[in-house]
Amino acid sequence: MAKVLVVTSGKGGVGKTTSTAALGAALAQAGQKVAVVDFDVGLRNLDLVLGAERRVVFDLINVIQGGAKLSQALIRDKRLETLWLLPASQTRDKDALTEVGVATVIKEMRSKFDWVICDSPAGIERGATLAMRFADAAVIVTNPEVSSVRDSDRIIGLLDSKTEKAENGERIEKHMLITRYDAQRAKRGEMLNIEDVLDILTTPLLGIIPESQEVLRASNVGSPVTLCNATSAPARAYRDAARRLRGETVPITIPVAQQRLFGRLFGQRAA
Amino acid sequence: MTNAIAVQPQESMRLRARSFMAFVLTPWQPISAWLAQLDKWSGNSPNFFAGRPIILDLAGAAVGGSEIAPLITQLAARGIRIMALEGVDANQLAPSLPPVLQRGRSNGGDMTAAVDGATITGPQRHQEPSSLLIEGPIRSGRSIVFPNGDVTVLGSVSPGAEIVAGGSIHVYGALRGRAMAGSAGNPRARIFCNKNEAELISVDGYYCTAEQMDANLRNRSTQCWLEDCVLSIAALD
């Protein structure tokens, strides 16, 4: 039986889609059968980040409305044979999502995959609440800055009240993923410290992903960052986070970008 | 052969007495203006009336007998269920309307209900719980409304969350949201917290925002209370 994971945040632009792709790829690399589902109807991005945008025929809305079977809509990743994508529609909007439809699709996916990762849209309305509705666990993506932390807090409140698990009196497993962390800026007081974020959100930490230009490079070439440059700092951090999701105990470290001494010297001379 | 049949003990019909505390709404003319005010008030606290017994006191409203039923319907449409009426002559009313009560005691005294001139004191007074304990943090956007008494929170209150209590508020954590104590008209209520980062605090309607608070009382363990209609805050450490 699969585990349904929702990657959510409240705030937009913090790294939900990037993290969904990176975690999904890391889990697939470890041999798990993974499906990533894009719930951002109308503003889909997961297909771009995975490099599948030219192979989209059917999407989540088609499956919900019965216009296509799930197997027709799922797109297999070309690099990882156990990673699949169910894209969102770009021409429709969130009103096309129905609770019954989403329930049916998730149920069917549970029987076929080890992990179903739902990439939630930003906000707290229908798209976000439906993405989290049937989840067993949640990854709350937060940037270490005040607006993101406040929005994440709101989303955690919704996870504890608007999910099926919460309504049945069960606790939904919650993990916090801090993204775009810049240790220098935190030291200068321009960004919140990890301790501050943990103190406000009181949720177990899944991992700390450092700010890196690798992320933008990866999304421009249509590859999850864990595949594109596997030795980069964010890729290592995401892989550790995926291991923690599977229950392994991995000590939390903040990977520092490996700087090449000669690269820096030459860079300065050229300037 | 004897058939043994269990004999059911005869249960006698018992009439018991219960006391409840109910809220009283006192409309005034014009009713439409009063309803507009009510909507404005309940807009801020949407579920305030849900599940509560409400008494409609028509003594000051000069409402004619035929206007009462439409008013009750209008209140029902707002989720306000009228349990009983006060301040009208029972003879004027149709039997389908809620009963008229006499001599209700205002809150603060003992909880005996007067029925038809005779006073019945129930030996087991069914008291509603007078304090609410919440474990775990109160997340942003949550609103805790408890007019019956004190609220104790074992955890922090996030910014954007609010606690409205009829009694005192105790936060064993950081108070970063809004805390409004003594909401049902209790000037002796207090607010205690381990770490004062509140957005707004209020006792019996008198409030103080974060900006108005003394800077050296922030981030400290504090209590606040009302003294001669002035909200005072002091450190506890």
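Remember, it's a predicted structure, so these values are computed and weren't measured experimentally. (Residues numbered from 1 in each chain as written. Chains lettered and ligands numbered in written order. Predicted model: local features only at pLDDT ≥ 70, side-chain atom pairs only at ≥ 80, totals over all residues. Heavy atoms only, no water.)

Novice: Where do I start with the overall build of chain A in this structure?
Specialist: The number of helices and strands found in chain A is 14 helices and 8 strands. Seen along its three principal axes, the alpha-carbon backbone of chain A occupies a region of about 60 × 40 × 35 Å. Burial status across chain A gives 53% buried among its 271 residues. In chain A, of all internal contacts separated by at least 6 residues, the share reaching a separation of at least 24 is 73%. Here chain A has roughly 12700 Å² of accessible surface; of this, 49% comes from carbon and sulfur atoms. Across chain A, the centroid of the 37 positively charged side chains sits 5 Å from that of the 32 negatively charged ones. (Helix = DSSP H or I, 4+ residues; strand = E, 2+ residues; numbered from the N terminus. Buried < 20%, exposed > 50% of the residue type's maximum accessible area, 1.4 Å probe, protein only. Contact = heavy atoms within 4.5 Å. Areas by Shrake-Rupley, 256 points an atom, 1.4 Å probe, with all protein chains shown as cover. Lys, Arg positive; Asp, Glu negative; His and termini not counted. Charge placed at Lys NZ, Arg CZ, Asp CG, Glu CD.)

Novice: What exactly am I supposed to notice about the sheet that holds strand β4 (residues 83-86) of chain A here?
Specialist: To summarise the sheet geometry, strands pair through backbone hydrogen bonds and adopt either a parallel or an antiparallel arrangement. All names here are of chain A. Pairing is mixed in the open sheet, where 8 strands are placed in the order β3-β4-β2-β5-β1-β6-β7-β8. The sheet is open, and its two borders are formed by β3 (75-76) and β8 (205-210), each paired with just one other strand. Sheet topology note: the strand β6 (residues 137-142)/strand β7 (residues 173-181) ladder contains 6 bridges and is parallel. Within β7, the position partnered with Val141 by the bridge is Leu177. (Pairing = 2+ DSSP bridges.)

Novice: Please explain the sheet that holds strand β6 (residues 131-135) of chain B as it appears in this structure.
Specialist: Residues and elements named next belong to chain B. Taken together, the 6 strands give an open sheet; going across it, the order is β6-β8-β10-β12-β15-β16, and neighbouring strands pair in mixed fashion. Of all strands in the sheet, those bounded by a partner on one side alone are β6 and β16 (230-235). Averaged over all neighbouring strand pairs, the angle between strand axes comes to 20°, with direction disregarded. Bridge count between β6 and strand β8 (residues 150-154): 5 bridges; the pairing is parallel. Paired with Leu133 across the bridge in β8 is Thr152. (Axes fitted to C-alpha atoms, helices over the stretch in contact; angles between N-to-C directions.)

Novice: Before we go on, may I ask you to explain the environment of Leu227 of chain A in this structure?
Specialist: With respect to the helices and strands, Leu227 of chain A occurs in helix α12 (residues 225-228). Not counting chain neighbours up to four residues away, the residues in contact with Leu227 of chain A comprise Ala25, Gln29, Arg79 and Leu80 of chain A.

Novice: Is there a simple way to think about the pairing of strand β2 (residues 34-38) of chain A in this case?
Specialist: Sheet faces and side chains relate simply in a regular strand, where the side chains alternate between the two faces. Residues and elements named next belong to chain A. By the criterion of burial, β2 is predominantly enclosed, with 5 of the 5 residues buried. Of the two faces of β2, the one holding Val34, Val36 and Asp38 and the one holding Ala35 and Val37 are both buried throughout. Of the pairings in the sheet, the one linking β2 to β4 comprises 4 bridges and is parallel in character. Within the sheet, the bridge partner assigned to Ala35 lies in β4 and is Trp84.

Novice: How do you make sense of the interface of chain A and chain B when you look at a structure like this?
Specialist: Interfaces are often sized by the amount of accessible area the parts lose when they come together. The interface of chain A with chain B comprises 10 residues on the first partner and 9 residues on the second. Interface area for chain A against chain B, summed over the two sides, is near 790 Å², with a carbon-plus-sulfur share of 40%. The largest contributions to the chain A side of the interface with chain B come from Arg150, Asp153 and Arg154 of chain A, which together make up 53% of the buried area. Between chain A and chain B we count 3 salt bridges in total. Linking chain A to chain B there are 6 residue pairs in polar contact (both at pLDDT 80 or more). Elements represented by at least two residues in the side of chain A that touches chain B include exactly α7 (146-159) and α10 (194-201) of chain A. Ranked by residue count, the leading element in the side of chain A that touches chain B is α7 of chain A, at 5 residues. When its residues are assigned to classes, the side of chain A that touches chain B shows 3 nonpolar, 3 polar and 4 charged. (Buried area = accessible area lost by both parts, 1.4 Å probe. Salt bridge = Lys/Arg side-chain N within 4 Å of Asp/Glu carboxyl O. Polar contact = N/O pair within 3.5 Å; in protein donor to acceptor, adjacent residues only side chain to side chain. Nonpolar A, V, L, I, M, F, W, Y, C, P; charged D, E, K, R; others polar.)

Novice: How do you make sense of the packing of aromatic side chains when you look at a structure like this?
Specialist: For any two aromatic rings, the description comes down to two numbers: the centre-to-centre distance and the angle of the planes. Residues and elements named next belong to chain A. All told, the structure shown has 1 aromatic pair over all chains when counted by the stated rule. On the numbers, 6.5 Å between centres and 70° between planes, the contact of Trp84 with Phe113 is edge-to-face. Taken together, the residues Trp84 in strand β4 and Phe113 in the loop between α5 (99-110) and β5 (115-119) connect sequence positions 29 residues apart. Phe113 sits in the buried class, given a relative accessible area of 6%. If you follow Lys33 out to its NZ or CZ, it ends over the ring of Phe113, 5.3 Å from the centre. (Phe/Tyr/Trp six-rings, centres within 6.5 Å; stacked < 30°, edge-to-face > 60°. Lys NZ or Arg CZ within 6 Å of the ring centre and 35° of its normal.)

Novice: Is there a simple way to explain the confidence of the model for chain B in this structure?
Specialist: Regions with low pLDDT carry predicted coordinates that are not meant to be interpreted in detail. All names here are of chain B. Of the residues in chain B, 83% reach a pLDDT of 70 or more, and the chain-wide mean stands at 82. Across residues 108-125, where pLDDT falls below 50, the model places 19 contacts with residues more than four positions away in sequence or in other chains. Of the two predicted TM-score estimates for the complex, the pTM is 0.71 and the ipTM is 0.76. (pLDDT = per-residue confidence, 0-100.)

Novice: Even after reading the chapter, I still don't get the environment of Thr222 of chain B, so can you show me in this structure?
Specialist: All names here are of chain B. Mapped onto the fold, Thr222 is located in strand β15 (residues 222-227). For Thr222, a relative accessible area of 3% gives the class buried. Once the C-alpha coordinates of Thr222 and Leu200 are considered, the two residues, 22 residues apart in sequence, prove to be 14 Å apart. Those residues in contact with Thr222 that lie beyond four places of it in its chain are Ile191, Phe192, Cys193, Asn196, Leu217, Ile233, Ala234, Ala235 and Leu236.

Novice: Can you walk me through the pairing of strand β7 (residues 143-146) of chain B in this structure?
Specialist: All names here are of chain B. With burial as the criterion, only one face of β7 is covered, namely that bearing Ile144 and Phe146; the residues Ser143 and Val145 on the opposite face remain uncovered. Bridging between β7 and strand β9 (residues 162-165) involves 4 bridges; their strand directions are parallel. Note on β9: the bridge partner recorded for Ile144 is Ile163.

Novice: What is the right way to look at unusual backbone geometry in this model?
Specialist: Glycine aside, residues mostly have negative phi angles, and peptide bonds mostly take the trans form. Gln29 of chain B connects to Pro30 of chain B through a cis peptide bond whose omega is -10°. For Arg180 of chain A, which is not glycine, the phi torsion reads 60° and is therefore positive. If you trace the backbone, Arg180 of chain A turns up in strand β7. At Cys229 of chain B, a position not held by glycine, the phi torsion is positive, near 65°.

Novice: Is there a simple way to explain the packing of helix α1 (residues 31-44) of chain B against helix α2 (residues 65-77) of chain B in this structure?
Specialist: When two helices pack together, their arrangement is given by the angle between the helix axes and by the axis-to-axis distance. Residue and element names in this part refer to chain B. With their axes 12 Å apart at the nearest point, α1 and α2 run at an angle of 15° to one another. In terms of axis orientation, α1 runs roughly parallel to α2. Pair α1 / α2 crosses with right-handed handedness. Within the contact between the two elements, α1 uses Ile31, Trp34, Leu35 and Leu38 and α2 uses Leu71, Gln74 and Leu75. In terms of residue class, the contact of α1 with α2 is made up of 6 nonpolar, 1 polar and no charged. (Parallel < 35°, antiparallel > 145°, perpendicular 65-115°, else oblique. Left-handed = near helix turned anticlockwise from the far one by under 90°.)

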